[in-house]
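Summary of the model geometry
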Amino acid sequence: MFRTALRNVFAHKARLLMTVLAVMLGVAFVSGTLVFTNTISDALQNSSAKGFDHVDVAVTTEYQDAEGDEVGEAPELTQAYLDKSAKVPGAASAVGVVSGFTAVADKDGDLIGDGWSTKGGNYWGAKDSRYPLVDGHAPEGEGEILIDSKTAERTGFGVGDTVRMSVDGPVITPKVVGVFTTDDGNVAAGGSLTLFDTATAQKLFGKAGTYDEIDVRAKAGVTQAALKAQLDEALPKDLVETTTGEKLADDQAESIASSMSGMKQGLLVFAGIALFVGTFIIANTFTMLVAQRTKELALMRAVGASRRQVTRSVLIEAFVVGVVAAVTGLLAGIGIGAGMRSLMGSMGAVVPDGPLVVSPNTIVAALAVGILVTMLAAWLPGRRAAKIPPVAAMSSVHAKATTKSLVLRNTLGALFSAAGIAVVLAATTMDGTDGQAPMGMGAVLLIIGVFILTPLLSRPLIAAAAPVLRLFGVSGKLARQNSVRNPRRTAATASALMIGLTLITGMTVMAGSLQKSIDKMASASIEADYVVSMANGNYLNPDVSEKLAKADGITAISPLRNAESRIGGETEYLTGVNGSTIGELTDLKVEQGAFEVGGTDVVVDTDTAKDHGWKAGSTFTASYEDDKKQQLTVAGVYEGNEMIRGIMVDLPTLTPHLSDPVDMQVMVKMSDGASSASKDSLTQALDTNPAIKIQDKQDISNEIAKMFTLMLNMLYGLLAMAVIVAVLGVINTLAMSVFERSQEIGMLRAIGLDRKGIKRMVRLESLVIALFGGVLGIGLGVFFGWAAGELMGTTMATYELVLPWGRMGVFLLLAAVVGILAALWPARRAARLNMLQAIKAE
């Protein structure tokens, strides 16, 4: 039986090729994902470990209790701590570290990096081994800085150039006096690192005479653990924390691995989708192979082969196919991993250098996935073949499914579909995250149900295309009949395409609807022409609003000042606003009372009011940062959203209680509205500060949309793999169908159907099957997109369903193109059959 199975593999190698390709693509996706994430993770960990080479023990302040909860403010690392650290017996040197956000403008005035990755620090001098100088000299005074070599290369700045920059304050224009190299991961990712002398860094970052961290190097022969013990003895344990360089590197490596695991899981999900789609092709292929060899298998049963041996022979064939697909998929995956790394580099994401990592786990996973998926998909056709009695097989009595089996299948499909729809609909009535798991479960049940029902659905849906197919004469009529001749085969072929288009359509509907809701939120709640904020999302210095107030053309301005308070024993954040202008800068729906902020009168959003049981006229006591208390009155309750919410208090009431006022953003209304002249006026008022971004409502929407668009494009690319696998399935099914109907095609040729007619018949059959899968996929995608939107609508008041008719039309056109392209080779093969040999074929 083993030799027979091997003979069958080689005898049907052409027909098994598409199955090998389908499995190979899925395995390549899995192994490529593992190679890519392992390579990036290893490179980042190695780079991070290099960054800790200069640290044997790090001293930080972290005032916590025994449970690890932060209590009060952390003490400051003063010069005294630095001196004590340097004097312990095992210390060779001790360096005080100061760092913070530093925005640097390129030669065009644009911010370098992504805001959050543009940092600054202090240069300790000649003994600072962290940042080796490659050009120039150490900075001295406020007018001199060092820049990293990557930034110098990207921007064209060099020693002697003047740079515009800001550190949470006014614009400064220091001179570049040196260039250094660094293993900092932020710099490798496209950010920048700027170094000042220590006194300047402490002044700019608001840490005069103190440090964020003290890095201590050990003397030769002193271990990190021994140095840590000495520092623990010399420094107060309840005020500072000491950590070895090895522990810092390990923690960083764990953090990198954790952040990479999210990407790895996401990519593996899509690899799983491609493999799931591939199972349809495998099952279809082996079902057709078994059907074509029914008499052969019956003869084997007649001469003594048991059912188990017949099943085993089919599984041996699947095992060989799986091994070939897994090995080739692994090799292709290694190439994909290398290609994805290069792609990241071409997109501007700089990754540290390092070798391509192909771990034993990757090899085992690729082989296991390829072999197991293939064998599991082939098991049912093999088992079905073994159950056919030899005599029935000889006379082809088994060919048609019994009425009982069809009724059972349709009943099961209807139950799954009904259960799926019911669970999805129930999930839409739940709040936020509570409905995510039920909705996912309902979606799986519905997809399974539709898959089971697809043979039943194929007849009416394909029949709907009959008027169009009649335009193609005999070829069209034959194509329609062939499409519904074997509903199960048509269903399995169409389902592969259906799953890919379901996911693509669903995500497109969700993304379009979210974008619409964000635009609506921005336009509906913000009347301000511009919103000013920090580029890295940090707080603004109050000086910003004062400078903006002096700009030409401003008619209304209000900062949104953030402050923590205690209300009813709970922490609540207050938003300080200009009570006289906030009404002109916002357009929030008032549910109760009036939108009036001034003195002790405040307005609150509906969620906060509901949580505390407040209504218009209610009073409450707020305890401020300085521990002073004040009774406030709710003048009005407004409908909040993701952009504006919380308790709004008049600035003169709130600010006196704050030791260090900071603003989240500043809202501005201009006499000329949002225009290039208005924006230039604001930019000039802020001295063209690279650390601050000035956005109108469209800019805010575009910034959020950019994230959605990037994510959607990535998902399209990943799901393209599933669509490619589906194309292979259509090609495979048609090719095997042509072989199966060789005699029939020969007869059609003999009675007058020319080669063009044969080609047209096969192409139309493929087109009908592909469009059938496309219609089902788009229909399910719209339903899932609507359901997910209903769930999101519980937390986003402005959510509105948007059906992207244009894109859905493109998806349907894509399905048609898939059908036409998939039919090229099978149609050509069918047309070239020798009619006499085909007629004689069994």
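First, a word on scope: everything that follows refers to the structure included in this document. (Residues numbered from 1 in each chain as written. Predicted model: local features only at pLDDT ≥ 70, side-chain atom pairs only at ≥ 80, totals over all residues. Heavy atoms only, no water.)

With that settled, the discussion passes to helix H27 (residues 824–831). Three- or four-residue spacings in an α-helix give side chains the same orientation, since the helix completes a turn every 3.6 residues. Of the residues making up H27, those classed as buried are Pro-826, Ala-827, Ala-830 and Ala-831. Down the axis of H27, the smallest arc covering the buried residues is 130 degrees, so these residues share one side. (Buried < 20%, exposed > 50% of the residue type's maximum accessible area, 1.4 Å probe, protein only. Helix = DSSP H or I, 4+ residues; strand = E, 2+ residues; numbered from the N terminus. Arc of directions from axis to C-beta.)

With that settled, consider the sheet that holds strand E10 (residues 171–172). If you walk across this open sheet you meet the three strands as E5-E9-E10, and the pairing is antiparallel. Two strands close off the open sheet at either side, each with one partner strand: strand E5 (103–104) and E10. Pairing between E5 and strand E9 (residues 165–166): two bridges, direction antiparallel. Pairing of Val-104 across the sheet is with Met-165, part of E9. (Pairing = 2+ DSSP bridges.)

To continue, consider the nonpolar core. Leu-497, Ile-758, Val-762 and Phe-784 are the most contacted members of the largest nonpolar core, which has 53 residues in total. When residues of this core are traced back to their parent elements, those giving at least two are helix H13 (403–427), helix H14 (436–463), helix H17 (487–525), helix H23 (697–740), helix H24 (742–750), helix H25 (755–793), helix H26 (805–822) and H27. The greatest single-element share of this core, amounting to 13 residues, is contributed by H25. Apart from residues no more than four positions distant in its own chain, Leu-497 is found in contact with Val-723, Ala-726, Ala-770, Gly-774, Ala-815 and Val-818. Judged by nonpolar contacts, the second largest core, of 31 residues, contains Ala-94, Ile-147, Ala-152 and Val-176. (Core = buried A, V, L, I, M, F, W, Y, C linked by side-chain atoms within 4.5 Å. Contact = heavy atoms within 4.5 Å.)

The next thing to look at is unusual backbone geometry. You will see that Asp-627, though not glycine, has its phi angle at about 70 degrees, which is positive. Looking at the element boundaries, Asp-627 is found in the loop between strand E21 (619–623) and strand E22 (629–638). Taking relative accessible area as the criterion, Asp-627 reaches 63% and is therefore assigned exposed.

For the rest of this paragraph, the subject is the environment of Asn-482. With respect to the helices and strands, the residue Asn-482 is situated in helix H16 (residues 473–485). For Asn-482, a relative accessible area of 7% corresponds to the buried category. With 283 residues separating them along the chain, Asn-482 and Glu-765 place their C-alpha atoms 6.9 Å apart. If near-sequence neighbours (up to four positions away) are discounted, Asn-482 is found in contact with Arg-741, Glu-744, Met-761 and Glu-765. Within the structure, the side chain of Asn-482 is placed 3.0 Å from the side chain of Arg-485, a separation counted as a polar contact. (Polar contact = N/O pair within 3.5 Å; in protein donor to acceptor, adjacent residues only side chain to side chain.)

On to the pattern of salt bridges. Counting across every chain of the model gives nine salt bridges. Between Lys-547 and Asp-687 there is a salt bridge, and its shortest N-O distance comes to 3.8 Å. One end of the pair, Lys-547, is in helix H18 (residues 543–549); the other, Asp-687, is in the loop between helix H22 (676–685) and strand E25 (692–695), with 140 residues separating them in the sequence. Of the residues examined, Lys-547 reaches a relative accessible area of 29% and is grouped as partly exposed. The salt bridge partner of Asp-699 is Lys-679, with a shortest N-O separation of 3.8 Å. One end of the pair, Asp-699, is in helix H23; the other, Lys-679, is in helix H22, and 20 residues separate them in sequence. (Salt bridge = Lys/Arg side-chain N within 4 Å of Asp/Glu carboxyl O.)

Taken together, the side chains of Val-327, Leu-331, Leu-356, Val-358, Ile-363 and Leu-367 present a nonpolar region at the surface, about 440 Å² in accessible area. With respect to the secondary-structure elements, Leu-331 resides in helix H10 (residues 307–346). (Patch = residues over 30% accessible without salt bridge, like charges linked within 9 Å, V, L, I, M, F, W, Y side chains within 5 Å. Areas by Shrake-Rupley, 256 points an atom, 1.4 Å probe, with all protein chains shown as cover.)

This paragraph deals with the sheet that holds strand E15 (residues 240–244). Reading across the sheet, the four strands line up as E3-E14-E1-E15 and stay open at both edges, with antiparallel pairing between neighbours. Looking along the sheet, the strands with just one partner apiece sit at the ends: strand E3 (91–97) and E15. Geometrically, the sheet is characterised by an average inter-axis angle of 20 degrees between neighbouring strands, direction not taken into account. Against the sheet, helix H3 (residues 79–87) touches strand E1 (57–61), E3, strand E14 (213–218) and E15, its axis set at about 160 degrees to E3. Packing against the sheet, helix H7 (residues 224–234) makes contact with E1, E3, E14 and E15, and its axis sits at approximately 170 degrees to E15. (Axes fitted to C-alpha atoms, helices over the stretch in contact; angles between N-to-C directions.)

Just geometry here; none of it tells us what the structure is for.
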